[in-house]
Amino acid sequence: MSQNKAARGGKKSNKPGTEDKREDVLQAVVIADSFQTRFQPFSLEKPRCLLPLANTPLIEYTFEFLAMNGVQEVFVYCGAHHEQIERYVHDSRWSPTSRSCPFSNLEFIRVADARSIGDFLRDLDKRNIIDGDFVLVHGDLVANIPLDGALAAHRARREANRDSCMTMVLREAGDEKHNTKTKGITPAFIIDPNAKRCLHYEEIHPLQTDHYVTLDPAVLENREAEARTDLIDAEIDICTPDVLALWSESFDYELPRANFLYGVLKDWELNGKMIHTEIVSEGYSARARNLLMYDAISRDILSGWTYPFTPDCNLFPGHSYQLQGDNVYQEDDVEVTPGSEVLDSILGKDTHIGLGSTIKNSVIGRGCKIGSNVRITDSFIWDDVIINDDAVVEHAIIAERVVVGKGAFVHEGSLVSFGVQLTDRTDIKTATMLSLLSYNGQLVSPQPEIVGTEGKGALFQNPEDDEADSDDPSSLQKSLIYSLEDLDLSDSSVSTLADDDDMSDDDSGPFSPSASRPSSRSRLSSFASDDSGAPSFSSFHSDAVHGLLDVLRGTGNFESEKLEFTSLRLANNASDAAMRKAVATAFVRRAVELMNPETDALDPAKAAKQVLTSREGATGFVMDVGVGDQSVPEQVEFALAVQKACVSSSKIIEVAKAGNLLAAMLQQMYDLDILEEEGILAWWEDDRGKEEGSMSSVRDKCQALVEWLENADEESEEDDDEDDE
């Protein structure tokens, strides 16, 4: 993080009196696109925030939470399927034109080229529409926690110290079993319990070799600290505009926790900002951030934990649920034939259940036709589904308009997307995904060997999933089933926290930051994090970039950094692509800092030269670690990594300047023999660098350099011909 406007109190400088006048106007920002594929194939046709949870669109719970906490102005960031979300809200009671809308204003914001949540928040910073504290949430939030206390504490801290910029509202879970203690990535918070300040954040997952959090000893100087892994983080953040300025200062941040929170806390001595926590022990909060959480929250709604957001409260207009015997929530005009059995379930309007059928622990949507002798357990059946006689559905999700043939069997973990038709006696194996569309949204030809001779649909496969490493934690977030059976894992190998000394071979045992605290707070639980498992921005990337930036800014040397970088790579099993990306990001980010008009204000050419030559060993580091074996293909890959880093920088500097910086970086690397003429020319011809949008715009600025290299090559060939003569 550069020592500039964010470090000195934020980008915004509110006019005198403005904040006081607006103090009573609470704003909220809703992120309605996760930029993830965890809900595919369903999210190919409908955005996650509109998928039904207990027969109610997810975003309804989010809006209800904001309304109950007195939010008046809402800004909704939409990405994929934005037209569906806008149309839905326009036709609902949340429309600003509706008399029943509790919000004074609700606006949609589109960002055409956004590829991450970070892009949304950097765009929001540029718009200057946030003029005070705001609540940042996601469109898949289900929560009933009152924010009065957290808001009051946040404002008191902000008045006492203007560098207090954000408060995270976290739910204490303790040792009791919770449905929302989803297995997967465990967020580890290191917290000063007296100041309620978050000191460090890291994520731990069961696929990594060592289950430790590595702390900078300076974090613990003169303060008490607790290691908390018993907290449910639904990402309810109370923010000041300074938070947006911090996002703008770091163009490579994409994820709120793994990138932003981790990075801001790691750089706190530079940016001066403090992030606090408000830990509550009452109420409910969770995000349907993956299929496991979707399942878990549905169980909690059935059990009444989300009150008043339960079916029989009928918050959604048109609903008519009543709680019947056997914990069954049933709407009007539902026909349950005598002789059938329904337990712990939700039944939507106009649904018919045939003779001898059994439905347990399931949610059945509206207009469904369930035949005779059907068995449905632990499943989610959306609207207008037909399940014919003698069919079996076990722990699966069946989307709208699906037809399940007579005697068909849909096994555990299966996902059957919109409009799929299964013919009679079809057997759908465990964890099968079926869709009418391919991963890129194209209609697919039916696979009769899967869906039957007269069926519709085919196996759904995303090439990115096939390419993922077996130890990629994102694999834990994309299934309705969680299993570690094939992995050699045991609780005995899990510790909580360690500094560098605790990695040694002594017998002192794992470090405990607060020995007087109950052991439950330092025991690893299994909560899921929002951005867990993003393969392109793992902890390796964050640690590697921050380490390189420290050296580029004058702390340490490249000889030591090379050893640290190599160790980091081995510890995280990072790929060559991840190495290149980290090196390119750090050097481009430092160059952008040098170009900042509030600091050095260098032009792109001087910034590129300084970042590559001012620190001893920088050139060799880029050559050895960034490029590698100096082959032309390796040079092309590194040039592409630098291009992408410059494209990312265009989020905080003009695209033209980003293009000029790319040209200057390539020119300097050519002059320093990091890249050869053949490598740059091969990069210029590579189709990956010609993608429409910012990639192409930034690349265009390099045309003069490429033409110069081509002309020099021609002149060299002519000289060689003359010498031969």
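Overview of the structure. As the structure is a computational prediction, the values presented were derived from the model and not from experiment.

### Details of helix 2 (residues 58-68)
- The element helix 2 is extensively covered by neighbouring structure, given that nine of its 11 residues are classed as buried.
- Within helix 2, the full set of buried residues consists of Leu-58, Ile-59, Glu-60, Tyr-61, Thr-62, Phe-63, Glu-64, Phe-65 and Leu-66.
- Positive backbone phi, approximately 75°, marks Gly-70, located one or two places after helix 2.

### Considerations on the packing of aromatic side chains
- All told, the structure shown has 19 aromatic pairs when counted by the stated rule.
- Pairing Tyr-294 with Phe-380 gives two aromatic rings, centres 5.2 Å apart and planes at 70°, and the pair type is edge-to-face. Highlighted residues: Tyr-294 in helix 9 (residues 291-303) and Phe-380 in strand 25 (residues 380-381), separated in sequence by 86 residues.
- When its relative accessible area of 2% is taken as the criterion, Tyr-294 is described as buried.
- Judged by its relative accessible area of 1%, Phe-380 is buried.
- Plain terms: the ring middles of Phe-558 and Phe-621 are 5.3 Å apart, the flat faces sit at 50° to each other, and that makes the pair tilted. Highlighted residues: Phe-558 in helix 13 (residues 558-572) and Phe-621 in helix 16 (residues 618-627), separated in sequence by 63 residues. Just as Phe-558 is buried, Phe-621 falls in that class too.
- The side chain of Arg-197 reaches across the aromatic face of Trp-268, ending 4.9 Å from its centre.
- Directly above the ring of Trp-684 sits Arg-699, whose terminal nitrogen or CZ lies 3.6 Å from the centroid.

### Side note on empty space enclosed by the protein
- Counted by the stated rule, this structure contains seven cavities of 30 Å³ or more.
- Along its surface, the largest cavity is lined by 13 residues, and Thr-56, Tyr-61, Thr-310, Leu-315 and Phe-316 are the ones closest to its centre.
- By residue number, the principal contributor to the lining of the largest cavity is helix 2, which donates three residues.

### Regarding the sheet that holds strand 25
- Taken in spatial order, the nine strands make up an open sheet running 15-16-19-22-25-28-31-34-35, and their pairing is mixed. Two strands in the sheet have a free side with no partner beyond their single neighbour: strand 15 (322-324) and strand 35 (458-459).

The rules behind the values
- Residues numbered from 1 in each chain as written.
- Predicted model: local features only at pLDDT ≥ 70, side-chain atom pairs only at ≥ 80, totals over all residues.
- Heavy atoms only, no water.
- Buried < 20%, exposed > 50% of the residue type's maximum accessible area, 1.4 Å probe, protein only.
- Helix = DSSP H or I, 4+ residues; strand = E, 2+ residues; numbered from the N terminus.
- Phe/Tyr/Trp six-rings, centres within 6.5 Å; stacked < 30°, edge-to-face > 60°.
- Lys NZ or Arg CZ within 6 Å of the ring centre and 35° of its normal.
- 1 Å grid on protein atoms, 1.4 Å probe; cavity = no way out; pocket = protein on both sides within 12 Å on 5 of 7 lines; lining within 4 Å.
- Points joined across faces, edges and corners; volume = space filled by probe spheres on them.
- Pairing = 2+ DSSP bridges.

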